[in-house]
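Structural description and commentary
Here are the chains, one letter per residue:
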Amino acid sequence: MDKKKTTFKEWFSNHKPTKRRIIQLYAALLTNANLKGFSNGKIYQGNVKNICAPGLNCYSCPAASASCPLGALQNALASSDKRLPYYIFGILLLFGVLFGRWICGFLCPFGLIQDLLYKIKTPKVKKSPITRILSYLKYIILVVFVIAMPLIYASQSFPLPGFCKYICPSGTLLGAGGLLSNEANSNMFPMLGPLFTWKFCLLIVFLVGAVFIFRFFCRFFCPLGAIYGLFNRISFLGIKLDKPKCTDCGLCIGACDMDIRHVGDHECISCGKCVKVCPTGAISYKGPKILLAPNETGVPVKGAKIKQEDPTAVPNTQVPTKTKIARAIVAGVMAIVLIGALVYYNVIDRSEPVGSSEQTENTAQNEGSEIGDLCYDYELNVYGSDETIKVSDYRGKVTIVNFWYIYCGSCVKELQTEFPLIKEEYGEQVEILAVHSYEEYDSDIPAFIEQTFPGAEFTFCRDGEGEAYFHMLGGSQAWPVTLVLDEDGIVVSSIMGSTTYGELKSIIDGIITE
Amino acid sequence: MLQNKSKQIQDIYQRILGAIIVILGVLFIWACLDIYTSGPRAYSAEAIAQRFSRISIPVYITIAAVFGGIAMALFLPSEEKKSKSPQRDAVVLQRLKNKVGALEAPEKAICDKEIRLRRTARIVADCVFFGLLVYPAVYLNDATHFSVEHLNADIIKAVMITMVPALLGLTGYWIYHLIAVASMRREIACYKKALAAGQKQQKVDAAVNSTGIIPVHCVRGILLAVAALWILLGVLNGGAADVLKKAIAICTECIGLG
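Residues numbered from 1 in each chain as written. Chains lettered and ligands numbered in written order. Predicted model: local features only at pLDDT ≥ 70, side-chain atom pairs only at ≥ 80, totals over all residues. Heavy atoms only, no water.

1. Description of the interface of chain B and chain A
Quick reminder of the rule: Residues are treated as being in contact if the distance between any of their heavy atoms lies within 4.5 Å. For this analysis, a polar contact is any N or O atom pair within 3.5 Å, provided that within protein one partner can donate a hydrogen and the other can accept it, and provided that sequence-adjacent residues contribute only side-chain to side-chain pairs. Helical segments are the DSSP runs of H or I of at least four residues, strand segments are the runs of E of at least two, and each set is numbered from the N terminus. Under the grouping applied here, Gly and all other residues not named as nonpolar or charged are polar, the nonpolar ones being Ala, Val, Leu, Ile, Met, Phe, Trp, Tyr, Cys and Pro and the charged ones Asp, Glu, Lys and Arg.
If you look at the interface, chain B gives 90 residues, while chain A gives 116 residues. Counting the contacts that link chain B with chain A gives 13 residue pairs in polar contact (both at pLDDT 80 or more). Breaking the side of chain B that touches chain A down by element, the ones donating at least two residues are helix H1 (2-36), helix H2 (45-53), helix H3 (56-75), helix H4 (89-100), helix H7 (151-196), helix H8 (208-236) and helix H9 (239-247) of chain B. Residue classes in the side of chain B that touches chain A are distributed as 56 nonpolar, 21 polar and 13 charged.

2. Regarding the pairing of strand E7 (residues 398-404) of chain A
A regular strand places its side chains so that they alternate between the two faces of the sheet. Residues and elements named next belong to chain A. For the record, the criterion: Think of it in three bands: with a 1.4 Å probe and only protein chains considered, a residue is buried below 20% of the maximum accessible area for its type, exposed above 50%, and partly exposed in between. Only strands joined by at least two bridges in the DSSP assignment are considered to pair.
Counting buried positions along E7 yields 7 of 7 residues, so the element is predominantly enclosed. Here E7 shows two buried faces, one formed by Val-398, Ile-400, Asn-402 and Trp-404 and the other by Thr-399, Val-401 and Phe-403. One ladder, built from 7 bridges, connects E7 with strand E8 (residues 430-437); its direction is parallel. Each bridged residue has a counterpart across the sheet, and for Val-401 the counterpart in E8 is Leu-433. Pairing between E7 and strand E10 (residues 481-485): 5 bridges, direction antiparallel.

3. Concerning H3 of chain B
Residue and element names in this part refer to chain B. The cut-off we apply is this: Residue count minus one, scaled by 1.5 Å, sets the expected span of a helix. The directions from the helix axis to the C-beta atoms are what the arc is built from.
A rise of 1.5 Å per residue sets the reference length of H3, with its 20 residues, at 28 Å; its end C-alpha atoms lie 28 Å apart and thus fit the reference within 8%. Residues Thr-62, Ala-65, Val-66, Gly-69 and Met-72 constitute the buried set of H3. Take H3 and look down its axis: the buried residues cluster within an arc of 125°, on one side only. In H3, the exposed positions that point more than 90 degrees away from the buried face belong to Ile-57, Tyr-60, Phe-67 and Phe-75.

4. With respect to the pattern of salt bridges
Selection criterion: When a carboxyl oxygen of Asp or Glu is within 4 Å of a side-chain nitrogen of Lys or Arg, the pair counts as a salt bridge.
Enumeration according to the criterion identifies 24 salt bridges over all chains in this entry. Residue Asp-257 of chain A pairs with Lys-273 of chain A through a salt bridge whose shortest N-O separation is 2.1 Å. Note that Asp-257 of chain A is positioned in the loop between helix H15 (251-255) and helix H16 (273-277) and Lys-273 of chain A in helix H16, a separation of 16 residues in sequence. Here Lys-108 of chain B makes a salt bridge to Asp-112 of chain B, at a shortest N to O gap of 3.1 Å. Of this pair, Lys-108 of chain B and Asp-112 of chain B both sit in helix H5 (residues 107-132), 4 residues apart, which is roughly one turn of that helix. Assessed through its relative accessible area of 41%, Lys-108 of chain B is described here as partly exposed. A cluster of three or more residues bridged by salt bridges with shared partners is formed by Arg-20, Arg-21, Asp-115 and Arg-215 of chain A.

Spelled out as structure tokens, the structure:
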């Protein structure tokens, strides 16, 4: 009886998504605009992936339209023996100076996921001096996994993106989840093993943690936030404090869910909660007022008291007409960009993955890559010579055809450690063909082979057009893949993912004893 | 009364939902470990469907509970959460400093002593933290500790050697925090005494911001120029192409394959 019945308009006004949420959704959709990737089970392979999205978004996600800066940084450091990683350093510096950790609060898709999970109504773990201290863990992860590991193994020409491989939840959730949920990638399941088990368990911990602890991953584990946080003080966008107006009431720190010591420090993700609660209007957003005006959320600016006397009072927003028009224009441009991106990625862009379905028309009958098939006989160019070979040239021997890729750590590892043992064991009885795809990146391969596999008794071949890759692998985009053929060229085993000496030995022994 | 009752119901509901979510997380981890331990190359679409279908009922219960919580939050009256100024000692101390301004003896001597104590404790905590990281840094710097043949074992060892001292070092900061809190409370007592004695309030100097504007813009400009230069150098030396090379292939390690 006391309470006035809330109208739908008031109810909607209290529960509608905030501008920050809308921007987060927009950024998540723009970063994952290649929606057709979910339906065809393939990742986007266009040139736009030269560009890095600012937030944490695995580029192995089928919908990812741009690269992940953290993954690109680790790969650049892993290749630092070949060239200095200026490009990615420049990108990170640019994002840092322009946005700082505003990216975390507004543009990061994984941050959005955590924000949504935190909304689930459960008891929450509040911040404390312990969480403040634990927030420095992400810097240690940055140094050890993102910087040290790739650099250490770069000296052995072994690409190891430490954080991506052992920790990143975005890869597991968006990459693995996105790819494996498509039937077209069912051949990838045998590749799952201890690494996937570890990463899946870690993902569950992060997701459950995010329900109880605000931005659990961002606060304690995210090295990208650690990098951007270093620029928070000087970035163009973010939160700023007008010190003469500040009365040190501490309401801002009380309202903030992050482990800040001061407004706008390296932990601040510019969510704006402090802007709402500041009674004197000392806190505002840096940068242009187009998207969010300071204190627009309803707390009166002049003559404000710490206790809001009348919560139903109409807030003194007073947004100027010019700003309203500018905002409308910006919103229109953003909408056009998003629609344009969706149309481009899903309709216009024809960057089909290597080995598209049109090539199946020329498949010879009974030739393929399934067990029992006669292995597809394709011509391969040998690196370091003009020689061209065919798989059928090795009939009479057990043939191992291994498909690898220069940036695939698992591929490099098994070529360095497992296949030499096989060659040592069986000698001339077994022939190993190591086939590398993607001719357009050919220039690095001969030097890489010489440096990484010195004295290897394999035949390193180039699969120039990717056709062997398609026919023999069934169009998969994942490496490594190993086919074991008997003396008649019949596929005896098709191994997706890494293999071991023991596994190959048991297969080869089975062929030889027959 | 109705609002109190509503709050009680919501509290109980939230605790139950929290417990359900933790249990569901454990069930997911258990299902994954169950598949992994069932044999080599045990993962398959069928195995995953079979194991996870066993926990489908808890999943449905959780989803229903989450939606129930959302409905409750939307339609039941709830207490508006008011922001509280934390009674953190640093915040209280700063406020008192602004009110009191310059101290007179003997409070000034006590406060100076407390400031020196905190500074010393901080230096010790920093030295302990960075000192503990010397060995891990040396260990990581030695490439002979890392081989491709024993990749996972080497990585685990390196992580343990780094994380254990780092966590111990962070514990040192926790000890510093305890010392600092005690010291600040003693300093607060001095300021309160001074305030009670009626010392004059000193005006806070304004315009600290304005003197910082020019240097900040300079720093931004320089960094942006450096960023542009590095991007250009990266495009010229093939670094940009490297990003593309990697991005157009599935990173099997990143998604847990291989």
